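Geometric and topological summary
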Amino acid sequence: MNQSAVHRILAGRPPKGRESYAKAYSMRLAANFTLLQEAFLELYPGREEVFMRFCELLDSQFKKRPEALKKQDMERLRSGNWYQSGNWVGMQLYVDRFCEDLKGLEKKLPYFESLGINYLHLMPLTRQRKGENDGGYAVNSYTEVDERFGSQEDLERLTALLREKGMALMLDFVVNHTADSFPWAEKAKAGDAHCQSLYYTYPDRHIPDQFEASLPEIFPETSPGNFTWIPEMEKWVMTVFNSYQWDLNYSNPEVFLAMFKNLADLADLGVDVVRFDALAFLWKKIGTDSQNLPEAHRLISLFRLGLQVVAPGVILLAEAIVAPAQIVKYFGEGRMQGNECEIAYHATFMACLWNSIATKKTLLLRKSLENMPPKPDACTWINYIRCHDDIGLGFDDAHIAELGWDPPQHRRFLLDYFCQRLDWSPAKGAIFMYNPSTGDGRITGTAASLLGLEKAMDADDPEGISMAIARIRLMHGLVLGAAGIPMVYAGDEIGMLNDYSYLKDPDRVDDSRWLNRPFQDWDKVADLDKPGIPSSIIFKDLSQFIRLRTENSVFDDRGDMRLHDSGNDHIFAYERRSGTDGVMVLGNFDEKTQVVDAGWLARQGYIREGRYTDLLSAETSELQSGLLELKPLALLWLKRS
Ligand code: GLC
């Protein structure tokens, strides 16, 4: 059954008082039992005994879930899909780079409030591998806070504080792999057969060669191949990402059981949203690329349904940066619809926005979004212009070709445009994981540097600076108007430029994603009252988008974001509606003035008697002619009247 339907049924007869929590738990277990059993036994045929242990685990996890969280679970069940409100605005940050540690973060809560941020994605906080650790994604524990960030009590205090303030917390669950120094890996190296069976370990190249025949490389420059020889255990182990990240072997149900416990314990720390890291890779099969396999989906459903029973207020985010048609599958399909992840990154929207910046056109953006299968009503997106990772060129080649562009040449152009291979481009980014044999590569850089601010500031070019600020405003404004939860990478709200310090750090020098993970510049923040400087302008723009978004109910996600053909290839148009209220978002990607037909906007209710109202400028203006003009890189949020 769809989760929202279960929610509705439970909300219809909410038992009161403490024993009610247990009663509601039994109802949830009963409601989900058949699906759980089917999904488990499909994945692990004949393993009824392990399934019974899973059910016992559910019971013990529910019993130890803290009372305050059980209370919140019930409130959430009663209030419907809290994550679809337009009021949530997220920020993603590395605690140490933002404010040193968890105690420091408590002191920064007023900063988030001043911008309107109420949803925090804190990058991996639990114990990590020493030295290189993939930005924290090589974990030694799923629940114990790494002492670099503070103590377990610091995290508990922070989560209680966030709850009190009505803020949401998202933490990662690195579900696909552990560090090579994780306790299981250490025991495996010491010869423990059980722990070796939790990973894909092989004494010779026979099976690894069969896997590698069809497995793509994720980090071809720094970690070619998919297996690593471990001399201590004299075995090969599967390492799809970095050589120090060992892939968990989910074909062994003991792995699922142990990882479910880790997930439920993580939820008990007071996490509201669990980011399921690299979840497309969870199931491996010889002869396939081992991504997006049906078994991976079943496994995610099992995690989801189990969590639904023990911690129903906690939801999952799919970190599936995969082909557009694959992404929506992580919301669950068929009878599992709504039973995988409630949220997914809108990686297609993100990648296409960057394509529009480089080409100044919006055709690929519209085509890609129009061709995506619809998402279930009860699910939502995280919309973002960039995150801590690289920007991948995740478009469908067929769509590029339909627009008359040659896909490999077009991808090459985008890499050239953003990665400093074209003199005339304002962008200052770097290439990530370039693969000369395929020509594939990805892009790194902060939003401001990729959008021209760094180059213009270096050249002391006021015209270039204002164009860069207009690009930044356009990109943020399109994301902040869209359906879903907007997520800003910390520092982008003040236009932070690339951070080149990683080039001097031997543990980071090979990973150009550190370019886009700058330390927060609190001096800049202290100067936000100074008018006319880029950081103040950008911060002010963002605060305004956020304020308007939270004041206006058209921005709730009711599955209503309608794309429009503006009739002008440079202008992207989408509409948000709630009853007769509406906002038409228009963005001009060209660096010249462009026009749209006023008749079309009048028919949609956005121009009346030759006048239109823009929420962003808070002005009602008269049309200059029969056409609506958009200045270079302009953004309008037209109000329906
Ligand atoms: C996810 C993370 C990325 C990491 C990878 C492997 O994609 O976002 O930073 O490198 O998983 O853990």
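First, a word on scope: everything that follows refers to the structure included in this document. These numbers come from a predicted model, not from an experiment.

Okay, the overall build of the chain next. The secondary structure content of the chain amounts to 24 helices and 23 strands. Taken over the C-alpha atoms alone, the chain extends approximately 75 × 60 × 50 Å along its principal axes. Taking all 641 residues of the chain together, 62% fall into the buried category. Relative to all contacts within the chain whose residues are 6 or more apart in sequence, the contacts with residues 24 or more apart total 72%. Working note: accessible area of the chain is about 24000 Å², and carbon and sulfur atoms make up 51% of it. Charged side chains in the chain number 72 positive and 91 negative. The centres of these two groups are separated by 5 Å.

Take the pairing of strand 23 (residues 635-639) next. Along any regular strand the residues' side chains alternate between the sheet's two faces. Most of strand 23 sits inside the fold, with 4 of its 5 residues counted as buried. As defined by bridge partners, strand 18 (residues 581-588) adjoins strand 23 across 5 bridges and the pair is classed as antiparallel. Among the inter-strand pairings, Leu586 is bridged to a residue of strand 23, identified as Leu636.

Assignment of secondary structure puts Leu257 in helix 12 (residues 253-267). When near neighbours in sequence (up to four residues on either side) are disregarded, Leu257 contacts Val50, Arg53, Phe54 and Leu57.

With that settled, the discussion passes to the packing of helix 21 (residues 462-481) against helix 23 (residues 534-551). Two elements in contact, helix 21 and helix 23, have axes whose closest approach is 10 Å; the angle formed by their N-to-C orientations is 20 degrees. Between helix 21 and helix 23, the crossing angle belongs to the class labelled roughly parallel. As helix 21 packs across helix 23, the resulting crossing turns out to be right-handed. Here helix 21 contributes Ile465, Ile469, Ile472, Arg473, His476, Gly477, Val479, Leu480 and Gly481 to the contact with helix 23, which in turn contributes Pro534, Ile537, Ile538, Asp541, Leu542, Phe545, Ile546 and Arg549.

Considering all chains together, one arrives at 47 aromatic pairs under this definition. With a centroid separation of 5.0 Å and 75 degrees between ring planes, the pair formed by Phe182 and Trp184 is classed as edge-to-face. For Phe182, a relative accessible area of 6% gives the class buried. Here Trp184 falls in the buried class, since its relative accessible area comes to 15%. Considering the side-chain rings of Phe241 and Phe281, the 4.9 Å spacing of their centres and the 65 degrees angle between planes classify their relative orientation as edge-to-face. Taken together, the residues Phe241 in the loop between strand 7 (235-238) and strand 8 (245-247) and Phe281 in the loop between strand 9 (273-276) and helix 13 (294-310) connect sequence positions 40 residues apart. Between Arg76 and the ring centre of Trp82, over which it is positioned, the NZ or CZ distance is 4.2 Å. The ring of Trp236 carries the charged tip of Arg205 above its face, separated from the ring centre by 4.4 Å.

Time to look at the environment of Phe62. Structurally, Phe62 can be placed in helix 3 (residues 48-64). You can call Phe62 buried: its relative accessible area is 6%. With 248 residues separating them along the chain, Phe62 and Val310 place their C-alpha atoms 4.8 Å apart. Aside from chain neighbours lying at most four places away, what touches Phe62 is Tyr21, Ala22, Tyr25, Arg28, Lys70 and Val310.

Once that is clear, we can look at the site of the ligand. Surrounding the ligand, one finds Asp134, Tyr137, His177, Phe219, Phe241, Gln245, Arg275, Asp277, Glu319, His388, Asp389 and Arg513. One of the side-chain N or O atoms of Asp389 is found 2.5 Å from an oxygen atom in the ligand. For the ligand, an oxygen atom lies 3.1 Å from a polar atom in the side chain of Arg513.

Turning next to the packing of helix 3 against helix 12. Where helix 3 contacts helix 12, the axes come no closer than 11 Å and their chain directions differ by 10 degrees. With respect to helix 12, the element helix 3 is oriented roughly parallel. Within the contact between the two elements, helix 3 uses Val50, Arg53, Phe54, Leu57, Leu58, Gln61 and Lys64 and helix 12 uses Pro253, Glu254, Phe256, Leu257, Phe260, Lys261, Ala264 and Asp265. Tallied by class, the residues present in the contact of helix 3 with helix 12 amount to 9 nonpolar, 1 polar and 5 charged.

What follows is about the pattern of salt bridges. Following the criterion strictly, the structure yields 55 salt bridges and no others. Measuring nitrogen to oxygen at the nearest pair gives 2.5 Å for the salt bridge that ties Glu38 to Arg335. With Glu38 in helix 2 (residues 19-43) and Arg335 in the loop between helix 14 (324-327) and strand 11 (343-345), the pair connects residues that are 297 residues apart, well separated along the chain. On the basis of relative accessible area, Arg335 is assigned to the partly exposed category, the value being 47%. For Lys285, the salt bridge is made with Glu295, and the minimal N-O distance between the two is 3.1 Å.

Sheet strands pair by backbone hydrogen bonding; their relative direction is either parallel or antiparallel. Pairing in this closed barrel of 8 strands is parallel, and the strands run 1-2-3-9-10-11-12-15 around the ring. Put simply, the sheet's adjacent strands are angled 25 degrees from each other on average, direction ignored. Summarising the sheet, strand 1 (residues 90-93) and strand 2 (residues 119-122) pair through 4 bridges and their orientation is parallel. Across the sheet, the residue bridging to Met91 is Leu120, located in strand 2.

A few words on a negative patch on the surface. The grouping of Glu132, Glu221, Asp507 and Asp510 at the surface amounts to a negative patch. Tracing the backbone shows Glu132 in the loop between strand 2 and helix 8 (152-165). Looking at Glu132, the relative accessible area reads 37%, which means it is partly exposed.

The next thing to look at is the pairing of strand 3 (residues 168-173). With respect to burial, strand 3 is a largely interior element, 6 of its 6 residues being buried. Burial of strand 3 is two-sided: the residues Ala168, Met170 and Asp172 facing one way and the residues Leu169, Leu171 and Phe173 facing the other way are all buried. Running through helix 8, the crossover from strand 2 to the neighbouring parallel element strand 3 is right-handed. Here strand 3 pairs with strand 9 via 4 bridges, running parallel.

Our focus in this paragraph is the nonpolar core. With 208 residues, the main nonpolar core has Leu122, Tyr250, Phe256, Phe303 and Trp637 as its most contacted residues. Counting residues per element, this core draws most heavily on helix 21, which supplies 10 residues. What Tyr250 contacts, discounting residues up to four positions off in sequence, is Tyr44, Val175, Tyr200, Val255, Phe256, Met259, Leu282, Trp283, Leu299 and Phe303.

Next up on the list: the side chain of Ser290. Tracing the sequence through the fold places Ser290 in the loop between strand 9 and helix 13. A polar contact of 3.0 Å, which involves the side chain of Ser290, links it to the backbone nitrogen of Lys285. Ignoring any residue separated from it by four or fewer positions in sequence, one finds Ser290 in contact with Leu215, Ala280, Phe281, Trp283, Lys284 and Lys285.

What counts, and where the lines are drawn
- Residues numbered from 1 in each chain as written.
- Predicted model: local features only at pLDDT ≥ 70, side-chain atom pairs only at ≥ 80, totals over all residues.
- Heavy atoms only, no water.
- Helix = DSSP H or I, 4+ residues; strand = E, 2+ residues; numbered from the N terminus.
- Buried < 20%, exposed > 50% of the residue type's maximum accessible area, 1.4 Å probe, protein only.
- Contact = heavy atoms within 4.5 Å.
- Areas by Shrake-Rupley, 256 points an atom, 1.4 Å probe, with all protein chains shown as cover.
- Lys, Arg positive; Asp, Glu negative; His and termini not counted.
- Charge placed at Lys NZ, Arg CZ, Asp CG, Glu CD.
- Pairing = 2+ DSSP bridges.
- Axes fitted to C-alpha atoms, helices over the stretch in contact; angles between N-to-C directions.
- Parallel < 35°, antiparallel > 145°, perpendicular 65-115°, else oblique.
- Left-handed = near helix turned anticlockwise from the far one by under 90°.
- Phe/Tyr/Trp six-rings, centres within 6.5 Å; stacked < 30°, edge-to-face > 60°.
- Lys NZ or Arg CZ within 6 Å of the ring centre and 35° of its normal.
- Near = heavy atom within 4 Å.
- Polar contact = N/O pair within 3.5 Å; in protein donor to acceptor, adjacent residues only side chain to side chain.
- Nonpolar A, V, L, I, M, F, W, Y, C, P; charged D, E, K, R; others polar.
- Salt bridge = Lys/Arg side-chain N within 4 Å of Asp/Glu carboxyl O.
- Patch = residues over 30% accessible without salt bridge, like charges linked within 9 Å, V, L, I, M, F, W, Y side chains within 5 Å.
- Right-handed = clockwise from strand over helix to strand, strands pointing away.
- Core = buried A, V, L, I, M, F, W, Y, C linked by side-chain atoms within 4.5 Å.

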